[in-house]
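A structural walkthrough
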Amino acid sequence: MSEIPVPEGRSLNFLEEIIESDIARGQKRVHTRFPPEPNGYLHIGHAKSICLNFGLAKRYGGLTNLRFDDTNPVKEDTEYVDSIKEDVKWLGFEWAGEYYASDYFEQLYSWAIDMINKGLAYVDDQTQEQIRTTRGTVTVPGTPSPWRERSVDENLMLFSGMREGKFADGEKVLRAKIDMAHPNMLMRDPILYRILHTEHHRTGDKWCIYPMYDYAHGQCDSIERITHSICTLEFDVHRPLYDWFIEKLDIFPSHQYEFARLNLTYTMMSKRKLLQLVQNKYVSGWDDPRMPTICALRRRGFTPESVRAFAERVGVAKRDNVIDLGLLEFCVREDLNRIAERRMAVVNPLKVVITNYPEGKREMISCVNNPENPDAGSREVPFSREIYIEKDDFMEIPSKKFFRLQPGGEVRLRYGYLIKCEEVVKSPDGEIIELRCTYDDQSLGGSSSDGRKVKGVIHWVSAADAIPAELRLYSTLFTLENPDDVEEGKTFVDYLNPESLVTVNAWLEPALGTAAQGEKFQFERVGYFTPDYDSRPGKLVFNRTVGLKDSWAKIAAK
RNA sequence: UGACCCAUGGUGUAAUGGCAACACAGCAGAUUUUGGUUCUGUUAUUCUAGGUUCGAGUCCUGGUGGGUCAACCA
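Residues numbered from 1 in each chain as written. Chains lettered and ligands numbered in written order. Predicted model: local features only at pLDDT ≥ 70, side-chain atom pairs only at ≥ 80, totals over all residues. Heavy atoms only, no water.

Re the sheet that holds strand E14 (residues 386-390)
Strand order in the open sheet formed by seven strands is E18-E15-E16-E17-E11-E14-E19, with mixed pairing between adjacent strands. Among the strands making up the open sheet, the edge pair consists of strand E18 (457-458) and strand E19 (460-462). (Pairing = 2+ DSSP bridges. Helix = DSSP H or I, 4+ residues; strand = E, 2+ residues; numbered from the N terminus.)

See below:
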């Protein structure tokens, strides 16, 4: 078994410990699975699960299956199947086999007949309402169904009638015969099959009865000989049932282990609510950059490496957690800082005329593409007498810690000249509309005519050459740190962040304009020059930080 | 007033009966042609009461707090 070591400086998480002790006890094989229901797009929470399942198997020389848990045809669709496959691939994982719970419908059905024959399952004629009320509550035991003691033959006949379509939806169900007084509600004669005259996205109208999750999942794991079936905490009460079916059917003993699902501040993880956001058009789609979906992260410029690094950093445990969104941003910044090429842009333009620069002259200035990586090379950016700088890069009455442009002060144009502000031009109502500056013609390339240094370095674009563009800045969709924690009488919709999408005009250096001639300007090529960004509500700020912190912008060519 | 799961800095995750650590966030400083990056320093942690033990974050018991479960969803 080829093993890959855990990252240096990190100790084993509890799942790795379980696997290592299994191996120590003689287990020869590690086989996991990632089992999404194709009823929505994958989000960052799934990314944690994907990285866990694939990562664990890889670390111990095992395999991981991709299995679609498609036992409820009313919610599922091939659109989701396709997106899930695309997202898992994008994250960088290869599955050993692609399976569907629906592939096993015939086997599951035949096992159900075995259960009936063993006297462990019966057809119940009660209504949904009756079944609900006779199940009891968490504190009071349930009561047995009047149909619980039907004969094996009658059950067999009725169950095959269910399959043949002799009954309407909801008319009958197949239930396991366990214990209506069991302290675990899941063990109070759980439903195995329900009647659903609904077309299934893969099996069409072949079936009109469909297995429930509890009856299907463990058996699917068993069929695929999954050794470690890893799921989230809320399934821990299902484990006794998972084990019960495997024991009664006497099939391959897969085992279930639970870990705490990922929660992120300001982020909604519920698939059901995300679907509502899409359906009610609060967002433009599943890949709206404000969504926590993997396709949205991709569109926003996240790299698969950064998402995997995030999954590794959040760790795995069994206690509920809320990860600071800042950690996700740290991970993408860490990666992008290494690989992203920088460009200059101005969002709030202030015109600057360099009075001692020859009129009509235009020169090309060499700019480094990525200070973190010399191999990224450089590009030529035009410079002329009239340029735009960021409004915020000038203060008429500077505060103490402000070291950018100010009256009589000097600043460096990034990769260009030192300029000195000689005059502030104002409109009749007092607004600053133009700066008149002089430049030091000896100051290109970091030097100056007399060796003096300046502290401030600012972005600029040549006014005549700049490409106007529309910049969309995205921040969190919700104003609430925990969007599930809504006040009485309100819903998550009441907490949508009105500033989650802000459109601003921007002026870009020409090289970006060329690239922007396509239909859409991809974020991963522009994200690093957009205005500073703080993802917390009300903190969307524009300043001269044009680093990677501004990870959420996308540009549309004008 | 049930069963099960969980409790370590602001947020996460380690420490497997023997010096409570790492990352993110925060703060301070240095470097820097991005107020970015990098580097240095720094603040801050075992829910509670008992018990076992030479020694408890860790084991035991009680309490408190949080979570999950009463879909013919997964």
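Here we look at the packing of helix H7 (residues 213-223) against helix H8 (residues 239-249)
In the contact formed by H7 and H8, the axes pass within 9 Å of each other and the chain directions differ by 65°. Along this stretch, H7 crosses H8, giving a crossing that reads as right-handed. Contact with H7, carried on its side by Asp214, Tyr215, His217, Gly218, Gln219 and Asp221, involves Leu241, Tyr242, Phe245, Ile246 and Leu249 of H8 and no other residues of that element. Residues belonging to the contact of H7 with H8 are distributed by class as follows: six nonpolar, three polar and two charged. (Axes fitted to C-alpha atoms, helices over the stretch in contact; angles between N-to-C directions. Left-handed = near helix turned anticlockwise from the far one by under 90°. Contact = heavy atoms within 4.5 Å. Nonpolar A, V, L, I, M, F, W, Y, C, P; charged D, E, K, R; others polar.)

Regarding the nonpolar core
Generally speaking, nonpolar side chains in soluble globular proteins are found buried as a group. Counting residues in each nonpolar core, the largest one holds 37 residues, and the members touching the most others are Phe159, Leu174, Tyr193 and Trp244. When residues of this core are traced back to their parent elements, those giving at least two are helix H4 (105-117), strand E4 (121-124), helix H6 (152-164), strand E5 (173-176), strand E6 (191-195), strand E7 (209-211), H7 and H8. Residue contributions to this core peak at seven residues, all from H4. Listed in part, the 34 residues of the second largest apolar core include Ile84, Val88, Ile294 and Leu336. (Core = buried A, V, L, I, M, F, W, Y, C linked by side-chain atoms within 4.5 Å. Buried < 20%, exposed > 50% of the residue type's maximum accessible area, 1.4 Å probe, protein only.)

Some points on the pairing of strand E17 (residues 432-440)
For a regular strand, side chains alternate in direction, first toward one face of the sheet and then toward the other. Here strand E11 (residues 349-354) pairs with E17 via four bridges, running parallel. Each residue of the ladder has a partner; that of Ile354, found in E17, is Cys437. In this sheet, E17 lies alongside strand E16 (residues 418-426) in antiparallel orientation, the contact comprising eight bridges. Across the sheet, residue Cys421 finds its bridge partner in E17, namely Cys437. Adjacent in sequence and paired antiparallel, E16 and E17 are bridged by five residues, among which Gly430 carries a positive phi angle near 90°.

Side note on the packing of aromatic side chains
All told, the structure shown has 21 aromatic pairs when counted by the stated rule. Ring pairs connect the aromatic residues Phe105, Tyr109, Phe159, Tyr193, Trp207, Tyr210, Tyr215, Trp244 and Phe245, which therefore count as one cluster. Over the face of the ring belonging to Phe403 we find Lys455, whose NZ or CZ atom lies 4.9 Å from the ring centre. (Phe/Tyr/Trp six-rings, centres within 6.5 Å; stacked < 30°, edge-to-face > 60°. Lys NZ or Arg CZ within 6 Å of the ring centre and 35° of its normal.)

Things to note about the confidence of the model for chain A
When pLDDT is averaged across chain A, the result is 88; 89% of the residues are at 70 or more. Listed scores for the predicted complex are pTM 0.91 and ipTM 0.96. (pLDDT = per-residue confidence, 0-100.)

Things to note about the side chain of Thr476
Examined against the element boundaries, Thr476 turns out to sit in the loop between strand E20 (467-474) and strand E21 (501-508). A distance of 3.1 Å separates a polar atom in the side chain of Thr476 from the backbone oxygen of Phe478. (Polar contact = N/O pair within 3.5 Å; in protein donor to acceptor, adjacent residues only side chain to side chain.)

As for unusual backbone geometry
Phi is positive for Asp189, which is not a glycine, with a value near 45°. Its location among the elements puts Asp189 in the loop between E5 and E6. Relative accessible area serves as the criterion here: at 0%, Asp189 is assigned to the buried category.

Examining the packing of H4 against H6
Relative to each other, H4 and H6 sit at 160°, their axes nearing to 9 Å. Viewed along their axes, H4 and H6 adopt a mutual orientation that is roughly antiparallel. Read as a crossing pair, H4 and H6 show a hand that is right-handed. Where H4 approaches H6, its residues Glu106, Tyr109, Ala112, Ile113, Ile116 and Asn117 are matched on the opposing element by Val152, Asn155, Leu156, Phe159, Ser160 and Arg163. (Parallel < 35°, antiparallel > 145°, perpendicular 65-115°, else oblique.)

Digging into the pattern of salt bridges
Taken as a whole, this structure holds 41 salt bridges when the rule is applied. Arg290 is the partner of Asp288 in a salt bridge, and the nearest nitrogen-oxygen pair spans 2.9 Å. Like Asp288, the residue Arg290 is buried in the burial classification. The residue Glu396 makes a salt bridge to Lys426 at a minimum N-O spacing of 3.0 Å. With Glu396 in the loop between E14 and strand E15 (410-413) and Lys426 in strand E16, this pair connects stretches of sequence that are 30 residues apart. By relative accessible area, which is 40% here, Lys426 ends up partly exposed. One continuous salt-bridge network, built from bridges that share partners, spans Arg10, Glu16, Arg59 and Glu312. (Salt bridge = Lys/Arg side-chain N within 4 Å of Asp/Glu carboxyl O.)

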